[in-house]
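Commentary on secondary and tertiary structure
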Amino acid sequence: MPTVPFLDFSREYDEIGSEMLAAAETVLSSGDYILGNQVEAFERDFAEYVDADHGIGVNSGSDALNLALDAVDIEAGDEVILPAHTFVSTADAVVHNGGIPVFVDIDPETYTIDPSSVERNLTEDTAAIIAVHLYGQPADMDPLLELAREHDLAIVEDASQAHGATYKNRPVGDIGDVGCFSLYPTKNLGAYGDAGIAVTSDDELAEYLRMAREYGSPRKYRYEFVGSNSRLDEFQAAFLDEKLEYLDEFNQRRRDCAAQYDSLLESVVTPTVADDVSHVYHLYVVQTPHRDALREHLSESGVQTLIHYPTPIHQQPAYEDIGRTGDLSVTERTADRILSLPMHPWCRSDEIEYIAALIEEFEA
Ligand SMILES: *Cc1c(COP(=O)(O)O)cnc(C)c1O
């Protein structure tokens, strides 16, 4: 019986391992391990890739979000609107800054934040919106930008799942005020450890972020505000700068895998791609009312699947007494029906055929 893992890093190593070893050697022999040439080069190249003026390397996507909300001045009592259907650290960043997370619903087809739900939950205390480009699909930014203009709100993009995705031909990340990217190993652009980057074209925000990731320090032994240590390291930057060269090709392979799934699957709801966006399929998520049974059926046949995410944030124990929620009926229904199928740049067509055949033969 074949086994199909959700993601297989050995295939990545087979393809680009020798380049990564060379990059590691370059850093190791340079004697420069913190905020050196590699970080500078990656920040410049990644910012250019997303058409932003500045990139600020940090040590995780979570920290990019923490520092971004700090940079746009989220303070105690400020409400920050975000989807309940996202990874937990999108919400954690609000709480770490003293803000109040306001959980809103998603669009039932694209799974991204529903702008009408945002509008219904605006109050005098609303200070920012976090748009999450979930699964690799850009959120619908224009209505959010419009609300932000009308109500003087900051927009932070959580682009941790959407490196290289575009909204109306603009790369995500620099559409709002600050864009946050996780570079965790499994992401479309992934390091070999923890890493992240924030991007912006606002010079002041960039300067603040640069200080914030290094103790609030503009230069040695001078501290303008209380910061922390959240630097991207030279090794990860060197790996990432090499891998950035492959990002478009790897995203295209993901799209090819998605197209093959789309063409073979009939008995489950396949992903909907909005008009005017390019989806980079960080995840390939299908929907079925028989999710748990289907998952079991696939597992018995050696196919590993995951659920992103089984429990919305407002229903997590950590958030029992935190935040405010609007009507989250789409989010709650979706969480019980979604299933993420194997998706990565090395998916083979025979594997996708095998998975699709298992799904089509399955009878609930
Ligand atoms: C991965 C991810 C994060 C967190 O990134 P880390 O680098 O693991 O801290 C935040 N938001 C979303 C949507 C993510 O997918």
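Quick caveat: nothing in here was measured; it's all calculated off a predicted structure.

With the rule as written, the count across this model stands at 16 salt bridges. Residue Glu-12 pairs with Lys-243 through a salt bridge whose shortest N-O separation is 2.8 Å. Separated by 231 residues along the polypeptide, Glu-12 in helix α1 (residues 9-30) and Lys-243 in helix α8 (residues 234-244) bring together distant segments of the chain. Looking at Lys-243, the relative accessible area reads 5%, which means it is buried.

Structurally, His-308 can be placed in the loop between α10 (291-300) and β12 (324-325). According to the relative accessible area criterion, His-308 is buried, its value standing at 13%. At 2.8 Å, the side chain of His-308 forms a polar contact with the side chain of Ser-340. Look past the residues within four positions of His-308 in its chain and what remains in contact with it is Phe-6, His-85, Tyr-135, Leu-283, Ile-338 and Ser-340.

The next thing to look at is the packing of aromatic side chains. Scanning the entire structure with this criterion turns up 13 aromatic pairs. Taken together, a centroid distance of 5.2 Å and an interplanar angle of 85 degrees make the contact between Tyr-192 and Phe-239 edge-to-face. Remark: Phe-239 occurs in helix α8 and Tyr-192 occurs in the loop between β8 (178-182) and β9 (196-200); sequence separation between them is 47 residues. You can call Phe-239 buried: its relative accessible area is 11%.

A few words now on the sheet that holds strand β10 (residues 277-278). Strand order in the open sheet formed by 3 strands is β7-β6-β10, with antiparallel pairing between adjacent strands. Each edge of the open sheet carries a strand with a single partner, namely β7 (170-171) and β10.

Now for the layout of surface pockets. Which parts of space are left empty comes out when a probe the size of a water molecule is rolled across the atoms. By volume, the largest pocket amounts to about 520 Å³. In terms of lining, the largest pocket is formed by 29 residues, of which the most central are Tyr-184, Thr-186, Lys-187, His-282 and Tyr-309. Every element with two or more residues in the lining of the largest pocket is listed here: α3 (61-71) and α4 (88-96). In terms of residue count, the dominant contributor to the lining of the largest pocket is α3 (3 residues). Each residue belonging to the lining of the largest pocket can be placed in one class, and the counts come to 12 nonpolar, 13 polar and 4 charged. Both domain 1 (16-244) and domain 2 (247-361) contribute no fewer than three residues apiece to the lining of the largest pocket. When its volume is computed, the second largest pocket comes out at roughly 260 Å³. Lining the second largest pocket are 13 residues, with Glu-214, Ser-217, Pro-218, Arg-219 and Lys-220 positioned closest to its centre. Split by residue class, the lining of the second largest pocket holds 6 nonpolar, 1 polar and 6 charged.

Neighbouring the ligand are 13 residues; Gly-61, Ser-62, Asp-158, Ser-182 and Lys-187 lie closest to it. In this structure, Gly-61 approaches the ligand through a main-chain N or O atom, which is 2.8 Å from an oxygen atom. Separating an oxygen atom of the ligand from a side-chain N or O atom of Lys-187 is a distance of 2.7 Å. Notes on the ligand: free accessible area 380 Å², of which the protein chains cover 92%. Most atoms of the ligand, that is more than half of them, are within 2 Å of grid points of the largest pocket. Every element with two or more residues in the shell around the ligand is listed here: α3 and α4. Per-class residue counts for the shell around the ligand are 2 nonpolar, 9 polar and 2 charged.

What follows deals with the nonpolar core. Leu-265, Tyr-284, Leu-298 and Leu-341 are the most contacted members of the largest nonpolar core, which has 68 residues in total. Looking at this core element by element, the count peaks at 6 residues for α3. Of the domains in this structure, domain 1 (16-244) and domain 2 (247-361) are the two that each give at least three residues to this core. When sequence neighbours within four positions are dropped, the list of residues in contact with Leu-341 reads Phe-6, Tyr-261, Leu-265, Tyr-284, Val-286, Leu-298, Thr-305 and Ile-359. One finds Phe-42, Ala-139, Leu-189 and Ala-195 within the second-largest nonpolar core, a separate group that totals 40 residues.

The next thing to look at is the domain arrangement of the protein. If you check the domain split of the protein, you get domain 1 (16-244) and domain 2 (247-361). Here the C-alpha centroids of domain 1 and domain 2 sit 24 Å apart. In this assembly, 45 residues from domain 1 lie in contact with 37 residues from domain 2. Taking both partners together, domain 1 and domain 2 bury about 3,500 Å²; carbon and sulfur atoms supply 56% of that area. Counting across the interface, domain 1 meets domain 2 through 1 salt bridge. Of the charged contacts, one joins Glu-79 and Arg-324 as a salt bridge, the two residues approaching to 2.8 Å between their closest N and O atoms. Joining domain 1 to domain 2, the criterion identifies 27 residue pairs in polar contact (both at pLDDT 80 or more). Only α4, β3 (100-104), β6 (166-167) and α8 provide two or more residues apiece to the side of domain 1 that touches domain 2.

Analysis parameters
Residues numbered from 1 in each chain as written. Predicted model: local features only at pLDDT ≥ 70, side-chain atom pairs only at ≥ 80, totals over all residues. Heavy atoms only, no water. Salt bridge = Lys/Arg side-chain N within 4 Å of Asp/Glu carboxyl O. Helix = DSSP H or I, 4+ residues; strand = E, 2+ residues; numbered from the N terminus. Buried < 20%, exposed > 50% of the residue type's maximum accessible area, 1.4 Å probe, protein only. Polar contact = N/O pair within 3.5 Å; in protein donor to acceptor, adjacent residues only side chain to side chain. Contact = heavy atoms within 4.5 Å. Phe/Tyr/Trp six-rings, centres within 6.5 Å; stacked < 30°, edge-to-face > 60°. Pairing = 2+ DSSP bridges. 1 Å grid on protein atoms, 1.4 Å probe; cavity = no way out; pocket = protein on both sides within 12 Å on 5 of 7 lines; lining within 4 Å. Points joined across faces, edges and corners; volume = space filled by probe spheres on them. Nonpolar A, V, L, I, M, F, W, Y, C, P; charged D, E, K, R; others polar. Domains from an automatic or database assignment. Near = heavy atom within 4 Å. Areas by Shrake-Rupley, 256 points an atom, 1.4 Å probe, with all protein chains shown as cover. Sits in = over half its atoms within 2 Å of the grid points. Core = buried A, V, L, I, M, F, W, Y, C linked by side-chain atoms within 4.5 Å. Buried area = accessible area lost by both parts, 1.4 Å probe.

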